[in-house]
Amino acid sequence: MINLPKAAVFIEGSNIYFAQKKAGIWLDWLKVKHFLGSKYRIGSIRYYVGVRKRDPKMRSFLKKLKKIGFKVVTKPVKIIKDESGRELEKANFDVEITADILQSASAGIVILFTGDSDFAYLVKVLHKKGRKVVVFSSRKTLSWELKLSTDKYIFVEDLRELTKKISFARLR
């Protein structure tokens, strides 16, 4: 176990939510944490997500993530109007995730839960710094730019053993 490579995990909550939804599965984050811990020495796991003012389900979910050792990074969801006047919710974390990854220099491997093509450039920068990148996403949401730039990609559809729900009550 001591010879496992050191890694840091960054989860773009909104993106991975839609990846799971499109794949028709829901990850059990405690099992994901144990799975990653069996392959890497995990320095930190960060989960980034926008939060609505009144969303008790999301707050409960984030509380459970904190309880199992995730660092949760949030900001309020913004309501913006598109050209047609339709209201959309937005909480983009690309800059925060990028900054946090670049500051996590002690981890030789970056594990990124997203399919967003915006991170392809970050992957190139990390490669120049001698770091490896592993991406978790869905077959339906992984952008081709990210797929081509990363060292390894894993589809959430292939992680069925990590999807069974567990009771967080056992963690008390």
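Residues numbered from 1 in each chain as written. Predicted model: local features only at pLDDT ≥ 70, side-chain atom pairs only at ≥ 80, totals over all residues. Heavy atoms only, no water.

Concerning the overall build of the protein chain
Across its full length, the protein chain carries six helices and eight strands. Moving toward the C terminus, one meets the helices and strands of the protein chain in the order β-α-α-β-α-β-β-β-α-β-α-β-α-β. In terms of overall size, the protein chain behaves like a compact globule, its C-alpha atoms giving a radius of gyration of 16 Å where 172 residues would be expected to give roughly 16 Å. The burial tally for the protein chain puts 44% of its 172 residues in the buried class. Nonlocal contacts in the protein chain, meaning residues at least 24 apart in sequence, comprise 64% of its contacts between residues at least 6 apart. By element, 54% of the accessible surface of the protein chain is carried by carbon and sulfur atoms, the whole surface being about 10,200 Å². (Helix = DSSP H or I, 4+ residues; strand = E, 2+ residues; numbered from the N terminus. Rg over C-alpha atoms; globule rule 2.2 N^0.38 Å. Buried < 20%, exposed > 50% of the residue type's maximum accessible area, 1.4 Å probe, protein only. Contact = heavy atoms within 4.5 Å. Areas by Shrake-Rupley, 256 points an atom, 1.4 Å probe, with all protein chains shown as cover.)

Describing the packing of helix α4 (residues 94-103) against helix α5 (residues 120-128)
At a minimum axis distance of 11 Å, the contact between α4 and α5 shows a crossing angle of 10°. Relative to α5, the element α4 is oriented roughly parallel. Residues T98, I101 and L102 of α4 form the contact with α5, whose participating residues are L122, V125 and L126. (Axes fitted to C-alpha atoms, helices over the stretch in contact; angles between N-to-C directions. Parallel < 35°, antiparallel > 145°, perpendicular 65-115°, else oblique.)

Observations concerning the layout of surface pockets
The calculated volume of the largest pocket comes to roughly 1,100 Å³. Broken down by secondary-structure element, the contributors of at least two residues to the lining of the largest pocket are α1 (13-23), β2 (41-51), α3 (56-67) and β5 (87-90). The greatest single-element share of the lining of the largest pocket, amounting to six residues, is contributed by α1. (1 Å grid on protein atoms, 1.4 Å probe; cavity = no way out; pocket = protein on both sides within 12 Å on 5 of 7 lines; lining within 4 Å. Points joined across faces, edges and corners; volume = space filled by probe spheres on them.)

Section: a nonpolar patch on the surface
Taken together, Y17, F18 and W26 make up a surface patch of nonpolar side chains, about 300 Å² in accessible area. Residue position: W26 is located in the loop between α1 and α2 (29-39). (Patch = residues over 30% accessible without salt bridge, like charges linked within 9 Å, V, L, I, M, F, W, Y side chains within 5 Å. Salt bridge = Lys/Arg side-chain N within 4 Å of Asp/Glu carboxyl O.)

Brief notes about the side chain of E157
Mapped onto the elements, E157 comes out in the segment after β8 (152-155). There is a polar contact of 3.0 Å between the side chain of E157 and the backbone nitrogen of R139. Among residues more than four places away in sequence, those in contact with E157 are A23, I25, S137, S138, R139 and K140. (Polar contact = N/O pair within 3.5 Å; in protein donor to acceptor, adjacent residues only side chain to side chain.)

Section: the sheet that holds strand β1 (residues 6-12)
Read from one edge of the open sheet, six strands run β3-β2-β1-β6-β7-β8, paired in parallel fashion. The open sheet is flanked by β3 (71-76) and β8, the only strands paired with a single partner. Within the sheet, the average angular offset between the axes of one strand and its neighbour, ignoring direction, is 15°. Sheet topology places β1 next to β2; seven bridges connect them, and they run parallel. Looking at β2, one finds that A7 is bridged to I42. Of the strands in this sheet, β2 and β3 touch α3, which is tilted by about 170° from β2. Where α4 meets the sheet, it contacts β1, β2, β3 and β6 (109-113), and its direction lies at approximately 175° from that of β1. (Pairing = 2+ DSSP bridges.)

A short note on α5
Among the residues making up α5, those that are buried are A120, L122, V123 and L126. The buried side chains of α5 occupy one side of the element, clustering within an arc of 155° when seen end-on. Summarising the geometry of α5, the exposed residues directed more than 90 degrees from the buried face are Y121, K124 and K128. Elements that come into contact with the buried residues of α5 comprise α4, β6, β7 (132-137) and α6 (144-149). Of the residues one or two after α5, G130 is the one with positive phi, at around 80°. (Arc of directions from axis to C-beta.)

Observations regarding the packing of aromatic side chains
One pass over the structure, following the stated rule, counts nine aromatic pairs. Relative to F61, the ring of Y47 has its centre 5.6 Å away and its plane inclined at 70°; by these criteria the two rings are edge-to-face. With Y47 in strand β2 and F61 in helix α3, this residue pair connects regions lying 14 residues apart in the sequence. One aromatic cluster is present, formed by W29, Y47, F61, F70, F113 and F136 through successive ring pairs. (Phe/Tyr/Trp six-rings, centres within 6.5 Å; stacked < 30°, edge-to-face > 60°.)

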